[in-house]
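For reference, the chains in residue letters:
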Amino acid sequence: MMKIKRLCQLVVASTLILLISCLAQGVDDTHKSNSTDIDYQLTSSMDILLTSESGDKLAKKENIHFKTGKADGHIISIRPDIVKQTIEGIGTSFTESSAFVLAHLDKDKRREVMDMIFSANGANFSLTRTHLGASDFSVKGKYSYADLAGDLTLKSFTLAPDKEGFDPAEYPGIKDPDYDLLPMIKEALAIKNRQDDKELKIIASAWTAPWWMKDIETWYIPGSAENNWQGTGGSLKQEHLPTYADYIIKYLDAYRAEGVNIWGLTPVNEPHGNNGQWESMHFTPESQNHFIKNHLGPKLQSSSHAETRLLIYDQNRDGMKHWTDVIFADSRSAQYVYGVAVHWYESTKKVFEEIFDKVHEKFPEFAIIHTEGCIDDLGKDAPEGVTDPARFKESGWFDNDAFWWNDNATDWGYSVTWAGVNADDHQIYTPVHRYARNIIVSLDHWLAGWVDWNIVLDQNGGPNHVGNYCGAPIMIDLNSRKVYYTPIYYVLAQFSKTIRPGDKAVQTTKKLDGLDSDALHACATINADNVLSVQVLNTTKRAIPYVLQIGQQHAKVDIVANSVQTIRIQL
């Protein structure tokens, strides 16, 4: 009898365990099912913004209307219930070259341009970057804030290069001789302070330490026949590792004294170097890890700048995995680090989202920030490109939207035959597509913030003290004073106005039903008020109808040819 009773107890217990397991599985499956079929009670979109080759510039379009159920066709599915990374912002950069160009405008005109960049009525950029000392986008270059050799205590440190202005006797077109990099940053902060949304985060990056701290004891050595065309920016002398850390802290102190708080920091821009073409300084993942762990990290932590976000690397995104594997995996360094900074110059079309996914999967607590991207090598000769007189005659890229909306741009790697350069990664490309694709795909794969390079340049893509001319969202003819807001400006403004700091990315998938995988790109973010912003890029020359699916609701949408569309929906 006891055996039978015990057997019955075992059967009952086993049955209960099986039932509980089934119920648990059932709850999980129900949750998964419901999460894709949530009834959000959607009626219509709040608004739709469009920027297109056909002439739309942040244009408001007719709202779409939702129905219950699902539909076939090209489908973009949004999962607002699957929340991903928090967004730090979308924005641009302060450079001495930009300040120089703006100094050529009357003050009222300059304020109008700055409002278009930083005010809520303009692009309202929230995440920015600036150079710490000279860069290629300095008017003359070759300077730091402590140029006195052997000044270990940095008594000679001065911010004069960032605020001394430009002499009209040397530059006759200058309208405001007192305008410079620091005044430009202060003007942007003043604009932010006049409005409710005061968000302006600044990331500072040094291109190099002061020349005397480096093993080459100069700013950079270009490639030449004498050195087998192997130029260099040099590396820090071991005895100056602490000196350079002190120099960075001194910069943060000095900028704070001017009323400018630096939100983020990278130890150096592009640590792989640039073959000595302009200011640079080399680190390996291992040497930067040593510098952070033993010098910069502890000094930041013990200073009044402990909240400054330290970002490692700061070069092309294809190489970030090795850097994160070395530095993020070292707990002694990682304790000081906020994330990794990346650029886009290793491909004109690839986004390298698979690397983003791998880095996030391995190190989910660290942010990924895109700190630089631009249309480099502006005007480089290319078959059927912008310099082809049969296509653009004298118009070029300035005040010519057609250049920015079509395959006309080339980059540094176009048609080169250097070892290790894959020509397929450096094809002629459409500038708007490169920007919009890179931002949308990156945000859909764990990117927390995206920063453009120079916000303003002249009609040639400068000034640049080594002739490295690039495109900018805003270009100004220094002779006529004409201000040209390129299509890139309007695309960036559209993203910035609808993706704000604190918003969160949500899961987005697409089923293109026979379309090329590059035809449509989409991402989505949600804010604290449950407003969903869906960003869609159409890279083709024809309108594409698609279905926007959100839970149980769907809407049929048309996106016009060659355009960037933003749909905002109240959930």
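Look up: the structure comes first, before these words.
Computed from a prediction, not measured in an experiment: that's the story for all the values here. (Residues numbered from 1 in each chain as written. Predicted model: local features only at pLDDT ≥ 70, side-chain atom pairs only at ≥ 80, totals over all residues. Heavy atoms only, no water.)

1. Here's the deal with the overall build of the chain
What counts, and what does not: Counting from the N terminus, the helices are DSSP H or I runs at least four residues long and the strands are E runs at least two residues long. Values of the radius of gyration come from C-alpha atoms, whereas the globule rule sets the reference at 2.2 Å times the count of residues to the power 0.38. Burial classification: accessible surface area is computed with a 1.4 Å probe over protein chains only, and a residue below 20% of its type maximum counts as buried, one above 50% as exposed, and the rest as partly exposed. The contact criterion used throughout is that any non-hydrogen atoms of two residues lie within 4.5 Å. Residue burial considers only the protein chains on display, and all accessible areas are found by Shrake-Rupley using a 1.4 Å probe. We score Asp and Glu as negative and Lys and Arg as positive, and we do not count His or the chain ends. Lysine's charge is taken at NZ, arginine's at CZ, aspartate's at CG and glutamate's at CD.
When its secondary structure is counted, the chain shows 14 helices and 21 strands. Scaling as 2.2 N^0.38, a compact globule of 571 residues should have a C-alpha radius of gyration of about 25 Å, and the chain matches this with 26 Å. Across the 571 residues that make up the chain, the buried fraction comes to 58%. A separation threshold of at least 6 residues defines the contact pool for the chain, and within that pool the share at least 24 residues apart is 73%. Total accessible area on the chain stands at roughly 23200 Å², and carbon and sulfur atoms take up 51% of it. Across the chain, 56 positive and 74 negative side-chain charges occur, with their mean positions spaced 6 Å apart.

2. Side note on the sheet that holds strand 6 (residues 127–132)
Going by this rule: Any two strands with at least two DSSP bridges between them are considered paired. Every axis in this analysis is a line fitted to C-alpha atoms, fitted for helices over the stretch in contact. Angles between the N-to-C directions lie between 0 and 180 degrees.
An order of 5-6-7-8-9-10-11-12 is seen for the eight strands of this closed barrel, with the pairing classed as parallel. Adjacent strand axes in the sheet meet at a mean angle of 25 degrees, parallel and antiparallel pairs treated alike. This element, helix 5 (residues 181–193), spans strand 5 (89–94), strand 6 and strand 7 (201–206) of the sheet and lies at about 150 degrees to strand 5. Here helix 8 (residues 320–327) sits on the sheet and contacts strand 9 (309–316), strand 10 (339–343) and strand 11 (367–372); the angle it forms with strand 9, its principal contact strand, is near 145 degrees.

3. Points about the sheet that holds strand 15 (residues 483–485)
Pairing within the open sheet is mixed, and its three strands lie in the order 13-14-15. Here the strands that pair on one side only, and so sit at the sheet edges, are strand 13 (456–458) and strand 15. For this sheet, the mean angle separating the axes of adjacent strands, direction not counted, is 25 degrees. With three bridges joining them, strand 14 (residues 474–476) and strand 15 adopt antiparallel strand pairing. Directly across from I474, in strand 15, lies its bridge partner Y485. Relative to the sheet, helix 3 (residues 107–118) contacts strand 13, strand 14 and strand 15, its axis offset from that of strand 15 by approximately 10 degrees.

4. Thoughts on the side chain of H433
Relative to the helices and strands, H433 resides in helix 13 (residues 431–443). Excluding residues within four positions of it along the chain, H433 makes contact with N438, L537, N538, T539 and N562.

5. Describing helix 10 (residues 353–362)
The condition that has to hold: This arc describes the spread of directions from the helix axis toward the C-beta atoms.
I355, F356, V359 and H360 are the residues of helix 10 that are buried. Along helix 10, the residues classed as buried sweep out an arc of 130 degrees about the axis, all on the same side. Buried-residue contacts for helix 10 involve helix 8, strand 10, strand 11, helix 13 and strand 12 (447–454).

6. Section: the packing of helix 6 (residues 241–257) against helix 7 (residues 285–302)
For any two helices packed against each other, one specifies the crossing angle of their axes together with the interaxial distance. Note the threshold: Left-handed describes a crossing whose near helix is turned anticlockwise from the far helix by less than a right angle; the clockwise case is right-handed. Just so you know the grouping, Ala, Val, Leu, Ile, Met, Phe, Trp, Tyr, Cys and Pro go in nonpolar, Asp, Glu, Lys and Arg go in charged, and all remaining residues, Gly too, go in polar.
Closest axis-to-axis distance for the helix 6/helix 7 pair is 9 Å, and the angle between their directions is 35 degrees. Two packed elements cross with a definite hand, and for helix 6 against helix 7 that hand is right-handed. Judged by residue contacts, L241, P242, Y244, A245, D246, I248, I249 and L252 of helix 6 engage H290, F291, H295, L296, K299 and L300 from helix 7. Its residues assigned to classes, the contact of helix 6 with helix 7 shows 10 nonpolar, two polar and two charged.

7. Details of the nonpolar core
The line we're drawing: Only buried residues count toward a nonpolar core, which is a set of Ala, Val, Leu, Ile, Met, Phe, Trp, Tyr and Cys residues joined through side-chain atoms within 4.5 Å.
With 128 residues, the main nonpolar core has Y244, Y251 and I474 as its most contacted residues. Considering each element in turn, this core owes the most residues, 10 residues, to helix 6. Once you skip the residues sitting within four places of it in the chain, Y251 turns out to touch T130, L132, Y145, F157, L159, A204 and I262.

8. A short note on the pattern of salt bridges
In plain terms, the rule: Salt bridges, as used here, are contacts in which a Lys or Arg side-chain nitrogen is within 4 Å of a carboxyl oxygen on Asp or Glu.
One pass over the full model with this rule turns up 26 salt bridges. A salt bridge links D81 to R79; its shortest N-O distance comes to 3.0 Å. Judged by relative accessible area, which is 19%, R79 ranks as buried. Across the salt bridge formed by E258 and K163, the nearest N and O atoms sit 2.6 Å from each other. Here the residue E258 occupies a position in the loop between helix 6 and strand 8 (264–266), and K163 occupies one in helix 4 (residues 160–163), the gap between them amounting to 95 residues. In this structure, a network of salt bridges that share partners links the residues E88, E199 and K201.

9. Here we look at the packing of helix 7 against helix 8
The following threshold applies: Here the angle decides the label: under 35 degrees means roughly parallel, over 145 means roughly antiparallel, 65 to 115 means roughly perpendicular, and every other value means oblique.
Contact pair helix 7 / helix 8: the axes reach a minimum separation of 9 Å and the direction vectors enclose 40 degrees. Judged by the inter-axis angle, helix 7 sits oblique to helix 8. Classified by chirality, the crossing of helix 8 by helix 7 is right-handed. Across the interface between the two elements, P285, E286, Q288 and N289 from helix 7 touch H322, W323, V326 and I327 from helix 8.

10. Let's talk about the environment of A71
Relative to the elements of secondary structure, A71 occurs in the loop between strand 3 (67–68) and strand 4 (75–86). A71 sits in the buried class, given a relative accessible area of 15%. Remark: the alpha-carbon pair of A71 and H554, spanning 483 residues in sequence, is separated by 7.3 Å. If sequence neighbours within four positions are ignored, A71 has contacts with V547, Q549 and H554.

11. Details of the side chain of H426
Here is the rule: Contacts described as polar in this section are N or O atom pairs within 3.5 Å, which, within protein, must combine one atom able to donate a hydrogen with one able to accept it, while residues neighboring in sequence count only if both atoms come from side chains.
Mapped onto the secondary structure, H426 falls in the loop between helix 12 (401–404) and helix 13. Under the relative-accessibility criterion, H426 is labelled buried at 1%. At a separation of 2.7 Å, a polar atom in the side chain of H426 contacts the side chain of D411. Excluding its chain neighbours within four sequence positions, the residues that come into contact with H426 are Y345, E346, S347, T348, D411, W412, G413, Y414 and V421.

12. With respect to the packing of aromatic side chains
The description of an aromatic ring pair rests on the distance of the ring centres and on the angle between the ring planes. Which entries qualify depends on this criterion: Pairing of aromatic side chains here covers Phe, Tyr and the six-membered ring of Trp, requires ring centres within 6.5 Å, and sorts the geometry by plane angle: under 30 degrees stacked, over 60 edge-to-face, intermediate tilted. Should the NZ of a Lys or the CZ of an Arg lie within 6 Å of a ring centre and within 35 degrees of the ring normal, that charge is described as sitting over the ring.
Considering all chains together, one arrives at 27 aromatic pairs under this definition. Between F100 and Y171, the aromatic rings sit 5.0 Å apart at their centres with planes inclined by 80 degrees, giving edge-to-face as the arrangement. Highlighted residues: F100 in helix 2 (residues 96–102) and Y171 in the loop between helix 4 and helix 5, separated in sequence by 71 residues. The interplanar angle of 15 degrees and the centroid separation of 5.3 Å between the aromatic rings of W207 and W453 together place this pair among those described as stacked. Remark: W453 occurs in strand 12 and W207 occurs in the loop between strand 7 and helix 6; sequence separation between them is 246 residues. Assigned by exposure class, W207 and W453 land together as buried. A cation sits over an aromatic face here: K84 above W446, 4.8 Å from the ring centre.

Everything listed is a geometric property; what it means functionally is a separate question.
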